[in-house]
Amino acid sequence: MPIDLICLDADDTLWHNMRHFEEAHAAFVAMLRPFADGDVAMKTLEACEARNLKLYGYGAKGFTLSMIETALELGGQRLPSGVIVDLLAAGRRLLAHPVELLHGIEATLDALADRGRLVLVTKGDLLHQEAKLAASGLGDRFSGIEIVSDKTVDTFARLFDRYGVPAERAVMAGDSMRSDVLPALAAGAWAAFVPQPLAWTHEAAPPPSNHDRFKQLSGLGDLPAWIDTIASR
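Residues numbered from 1 in each chain as written. Predicted model: local features only at pLDDT ≥ 70, side-chain atom pairs only at ≥ 80, totals over all residues. Heavy atoms only, no water.

**What about the layout of surface pockets?**
Then, in step 1: By volume, the largest pocket is sized at about 310 Å³.
Then, in step 2: Along its surface, the largest pocket is lined by 19 residues, and Asp 12, Thr 13, Leu 102, His 103 and Gln 196 are the ones closest to its centre.
Then, in step 3: Among the elements of the structure, helix H1 (18–32) and helix H5 (105–113) are those that each provide at least two residues to the lining of the largest pocket.
Then, in step 4: Of the residues that constitute the lining of the largest pocket, the class distribution is 8 nonpolar, 9 polar and 2 charged. (1 Å grid on protein atoms, 1.4 Å probe; cavity = no way out; pocket = protein on both sides within 12 Å on 5 of 7 lines; lining within 4 Å. Points joined across faces, edges and corners; volume = space filled by probe spheres on them. Helix = DSSP H or I, 4+ residues; strand = E, 2+ residues; numbered from the N terminus. Nonpolar A, V, L, I, M, F, W, Y, C, P; charged D, E, K, R; others polar.)

See the structure below:
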């Protein structure tokens, strides 16, 4: 069965992302140390982020607002205004960090382009994702760019319909089990999980068991070979 459409996540699939959030986490914990220990600060921030996703969506801007809200929650009236200034600066650094491609990405995209149309499927702030894609230099390699508010079964079903490809002839690859793998499988596509060490806990989910359209890869560079295996079935 040939694969005609190859959908790829962006953050931490094509380029580094979470390492920059980890730096912001460390700065946040240091700023809040007078008011809470590190574990409490991070757990409170994670709860705030989860609560705010439906309001702010994904991305650095919503994360910055959640950092400020958490700081106010933990510090109250004792929180110096300078902490807010520093948190805003941390958020700006997230929005301006350089785009660093993961190892071998360009060669992998070349190999994938020989096997099907490439579509970037990423979620987050539209302006920031567009800026990162432009800075990556990878935009011309994709037949389509889809920046969505979230990745759901309906998201993938609409995407396959838009590109005129049956779900069983499409594959999605990314580093999030919750967003990249499970909804793509539920929509009828193939899905490859490419784990990375700094995964956001919100994106974690149990892997599918004994699913013949699912594969965990050691890296995105293994995707072309798996697509060849699918095509040979």
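**Some remarks on helix H2 (residues 38–56)**
Then, in step 1: Of all the bends found along H2, the most pronounced is centred on Ala 50 and spans about 30 degrees.
Then, in step 2: If you check which residues of H2 are buried, you get Ala 41, Met 42, Thr 44, Leu 45, Cys 48, Glu 49, Asn 52 and Leu 53.
Then, in step 3: For H2, the N-terminal cap is Asp 37; the gap from its side-chain oxygen to the backbone nitrogen of Asp 39 is 3.2 Å.
Then, in step 4: Gly 57 lies just past H2 and shows a positive phi near 75 degrees. (Bend = angle between axes of the 7 residues up to and from the residue. Buried < 20%, exposed > 50% of the residue type's maximum accessible area, 1.4 Å probe, protein only. Polar contact = N/O pair within 3.5 Å; in protein donor to acceptor, adjacent residues only side chain to side chain.)

**Details of the environment of Gly 38**
Then, in step 1: By the secondary structure assignment, Gly 38 is in helix H2.
Then, in step 2: In this structure the C-alpha to C-alpha distance between Gly 38 and His 25, which are 13 residues apart in sequence, comes to 9.6 Å.

**Observations concerning a nonpolar patch on the surface**
Then, in step 1: There is a patch of nonpolar side chains on the surface, built from Leu 55, Tyr 56 and Leu 65 and spanning about 300 Å² of accessible area.
Then, in step 2: Position of Leu 65 relative to the elements: it lies in helix H3 (residues 60–75).
Then, in step 3: Judged by relative accessible area, Leu 65 falls into the partly exposed class, the value being 40%. (Patch = residues over 30% accessible without salt bridge, like charges linked within 9 Å, V, L, I, M, F, W, Y side chains within 5 Å. Areas by Shrake-Rupley, 256 points an atom, 1.4 Å probe, with all protein chains shown as cover. Salt bridge = Lys/Arg side-chain N within 4 Å of Asp/Glu carboxyl O.)

**A short note on the packing of H1 against H2**
Then, in step 1: Two elements in contact, H1 and H2, have axes separated by 9 Å at closest approach and are oriented at 120 degrees. Viewed along their axes, H1 and H2 adopt a mutual orientation that is oblique. The crossing of H1 and H2 is right-handed. The residues of H2 that touch H1, namely those facing His 25, Phe 28, Val 29 and Leu 32, are Gly 38, Ala 41, Met 42 and Leu 45.
Then, in step 2: Here the contact of H1 with H2 is composed, by residue class, of 6 nonpolar, 2 polar and no charged. (Axes fitted to C-alpha atoms, helices over the stretch in contact; angles between N-to-C directions. Parallel < 35°, antiparallel > 145°, perpendicular 65-115°, else oblique. Left-handed = near helix turned anticlockwise from the far one by under 90°. Contact = heavy atoms within 4.5 Å.)

**Some remarks on the sheet that holds strand E5 (residues 190–193)**
Then, in step 1: The 6 strands lie next to each other as E3-E2-E1-E4-E5-E6, forming an open sheet whose pairing is parallel. A strand with exactly one partner marks an edge of an open sheet, and here the two such strands are strand E3 (144–148) and strand E6 (214–216). On average, each strand axis in the sheet is inclined to that of its neighbour by 20 degrees, with strand direction left out of account.
Then, in step 2: Bridge count between strand E1 (residues 5–8) and strand E2 (residues 117–123): 4 bridges; the pairing is parallel. Looking at E2, one finds that Ile 6 is bridged to Leu 118.
Then, in step 3: Docked against the sheet, helix H8 (residues 177–186) engages E2, strand E4 (170–174), E5 and E6, running at close to 160 degrees with respect to E5. (Pairing = 2+ DSSP bridges.)

Function-wise, these values are silent; they only describe arrangement.
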